[in-house]
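Coordinates in review
Here is what each chain is made of, one letter per residue.
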Amino acid sequence: MRIASLLPSATEIVCALGAQSELVGISHECDFPDGLQGLPVLTRPRLRPARSSREIDAAVRDVLRDALAVYDIDVDALREARPDVIVTQDLCDVCAVSLDDVRAAVARLARSDVRIVNLHPTRLDDIWADICRVAEAIGRAADGEALIDQLQARVAAVAARAAAAPDRPRVLAVEWIEPVMIGGVWMPELIALAGGEPLVTRPGDHAPTLSPADLAALDPDVVLIKPCGFTLERTLEELELLPRALPWASYGAVAQGRVYVADGNAFFNRPGPRIVESLEILAACAHPALFAAARRAHAPSVVRLDAELRRHAFDQG
């Protein structure tokens with residue numbers, strides 16, 4: 001089997017199914033797990049590098065407004081890869097190449113035997129279904145069932161422990177800093193499973209952009225900042241934006257030191273196996289005392305902020 005993956009979460013799924021050695025091409029954003037280095041890169045960004053969240057947002061909106069693609073497919077590299085299966089998605093044109101572009105690229109290959117597996121996850125159940133779909137397409141259906149059983153068992157363990165918490169803090173999950181967007185799709189489900197009350201969005205919703213007035217009307221107990229596509233280090237470069245992007249002085253979460261910055265590139269925004277680790281991080285943010293082991297395990301990927309934007313280690317409360 002020769003597999004081409006055009007988005008990071010699909011690459012993680014393929015590797016978790018034990019088929020990493022069968023990958024013949026990946027996207028320019030695929031960076032996990034180790035061992036992908038040297039594989040042909042089949043996509044490239046069309047946007048020029050931008051420095052700030054606001055600049056990136058404006059550039060993406062301009063491209064989409066002109067009905068252009070955010071990413072291109074390297075058709076020559078795809079032809080040389082000779083894939084039997086291509087895994088892509090049509091959930092978000094900002095996250096990966098569009099399905100239409102993939103179909104057009106395959107048509108240019110003049111091959112009728114290439115199978116396109118299209119992923120469209122908006123809920124946790126969709127993620128499990130997508131794992132099954134990929135597993136079946138690459139001839140690893142039994143591995144898919146075993147992987148889902150393992151992941152769901154971990155989810156159930158977190159949910160059971162969180163259910164014993166004495167409170168359910170209100171959690172605001174920030175998907176983008178300027179403008180402020182709130183995490184949707186599977187994020188409300190993760191927050192609820194972690195023992196919290198999701199603010200603003202419901203399961204399956206796309207990420208809305210909130211005005212300053214909308215944000216001021218909220219009173220979160222916990223704020224999780226995990227911009228889509230940003231590593232922890234990249235997000236920490238924009239900490240000075242937070243007091244003006246959010247009602248910093250009025251949020252109880254800020255006063256109580258319950259603002260967390262996490263690696264949104266690795267977690268939360270990738271609908272693959274590490275969505276369970278995202279749940280564990282959320283539970284540790286919502287209930288630090290109950291999930292001390294998770295705080296230690298994920299300390300490299302999360303920082304806690306106080307009201308003065310000072311950084312504190314995640315495994316220290």
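We now turn to the structure provided with this report. Owing to the predicted nature of the structure, the values given are computational and were not obtained by experimental measurement.

Each value, and the rule that gives it
- Residues numbered from 1 in each chain as written.
- Predicted model: local features only at pLDDT ≥ 70, side-chain atom pairs only at ≥ 80, totals over all residues.
- Heavy atoms only, no water.
- Phe/Tyr/Trp six-rings, centres within 6.5 Å; stacked < 30°, edge-to-face > 60°.
- Helix = DSSP H or I, 4+ residues; strand = E, 2+ residues; numbered from the N terminus.
- Buried < 20%, exposed > 50% of the residue type's maximum accessible area, 1.4 Å probe, protein only.
- Lys NZ or Arg CZ within 6 Å of the ring centre and 35° of its normal.
- Pairing = 2+ DSSP bridges.
- Axes fitted to C-alpha atoms, helices over the stretch in contact; angles between N-to-C directions.
- Salt bridge = Lys/Arg side-chain N within 4 Å of Asp/Glu carboxyl O.
- Disulfide = S-S within 2.5 Å.
- Core = buried A, V, L, I, M, F, W, Y, C linked by side-chain atoms within 4.5 Å.
- Contact = heavy atoms within 4.5 Å.

Under the defined criterion, the tally for this structure stands at two aromatic pairs. Residues tyrosine 260 and phenylalanine 314 carry aromatic rings whose centres are separated by 5.7 Å and whose planes lie at 80° to one another, so their mutual orientation is edge-to-face. Residue tyrosine 260 is found in strand β11 (residues 259–262), and its partner phenylalanine 314 is found in the segment after β13 (311–313); the two are separated by 54 residues along the sequence. As far as burial versus exposure is concerned, tyrosine 260 and phenylalanine 314 are alike and both buried. Here the basic side chain of arginine 274 rests over the ring of phenylalanine 32, its NZ or CZ set 3.7 Å away from the ring centre. Above the ring of phenylalanine 267, the side-chain terminus of arginine 274 is found at 5.4 Å from the ring centroid.

This part takes up the environment of isoleucine 56. Assignment of secondary structure puts isoleucine 56 in helix α2 (residues 53–65). Residue class for isoleucine 56 comes out partly exposed when judged on its relative accessible area of 21%. Along the primary structure isoleucine 56 and glutamate 178 are separated by 122 residues, whereas in three dimensions their C-alpha atoms are 9.2 Å apart.

The element helix α1 (residues 8–16) is extensively covered by neighbouring structure, given that eight of its nine residues are classed as buried. Of all the positions in α1, only Pro8, Ser9, Ala10, Thr11, Glu12, Ile13, Val14 and Cys15 are classed as buried. At the exit of α1 stands glycine 18, carrying a positive phi of roughly 85°.

If you walk across this open sheet you meet the four strands as β2-β1-β5-β6, and the pairing is parallel. The sheet terminates laterally at β2 (23–25) and β6 (115–119), the two strands that pair on one side only. Across the sheet, the mean angle from the axis of one strand to that of its neighbour is 30°, orientation sign disregarded. Here two bridges tie strand β1 (residues 3–5) to β2, and the two strands are oriented parallel to one another.

What follows deals with the pattern of salt bridges. Under the criterion given, the structure shown has 22 salt bridges. Note that arginine 54 and glutamate 178 form a salt bridge whose closest N and O atoms lie 3.9 Å from each other. Linking arginine 54 in helix α2 with glutamate 178 in the loop between β7 (170–176) and β8 (181–182), this pair joins segments that are 124 residues apart in sequence. Its relative accessible area of 44% is what places arginine 54 among the partly exposed residues. Exposure remark for glutamate 178: the relative accessible area of 9% places this residue in the buried category. Between arginine 170 and aspartate 219 there is a salt bridge, with its nearest N and O atoms 3.5 Å apart. Taken together, the residues arginine 170 in strand β7 and aspartate 219 in the loop between α8 (212–216) and β10 (222–225) connect sequence positions 49 residues apart.

Moving on, we get to the state of the cysteines. Under the definition given, this model contains zero disulfides. Cysteine cysteine 30 is unpaired, with the sulfur of cysteine 15 as its nearest cysteine sulfur at 8.6 Å. Owing to a relative accessible area of 11%, cysteine 30 belongs among the buried residues under this scheme. The closest cysteine sulfur to the non-disulfide-bonded cysteine 132 is located on cysteine 15, 18 Å from its own sulfur.

This next bit is on the nonpolar core. If you look at the biggest cluster of nonpolar residues, it comprises 59 residues, and the most contacted ones within it are Trp128, Ile131, Val134 and Leu282. The element contributing the most residues to this core is helix α12 (residues 275–286), with eight residues. Those residues within four positions of valine 134 in sequence are excluded, and the remaining contacts are Ile13, Val14, Leu17, Val87, Val117 and Leu119. Listed in part, the 26 residues of the second largest apolar core include Val180, Trp248, Val261 and Val303.

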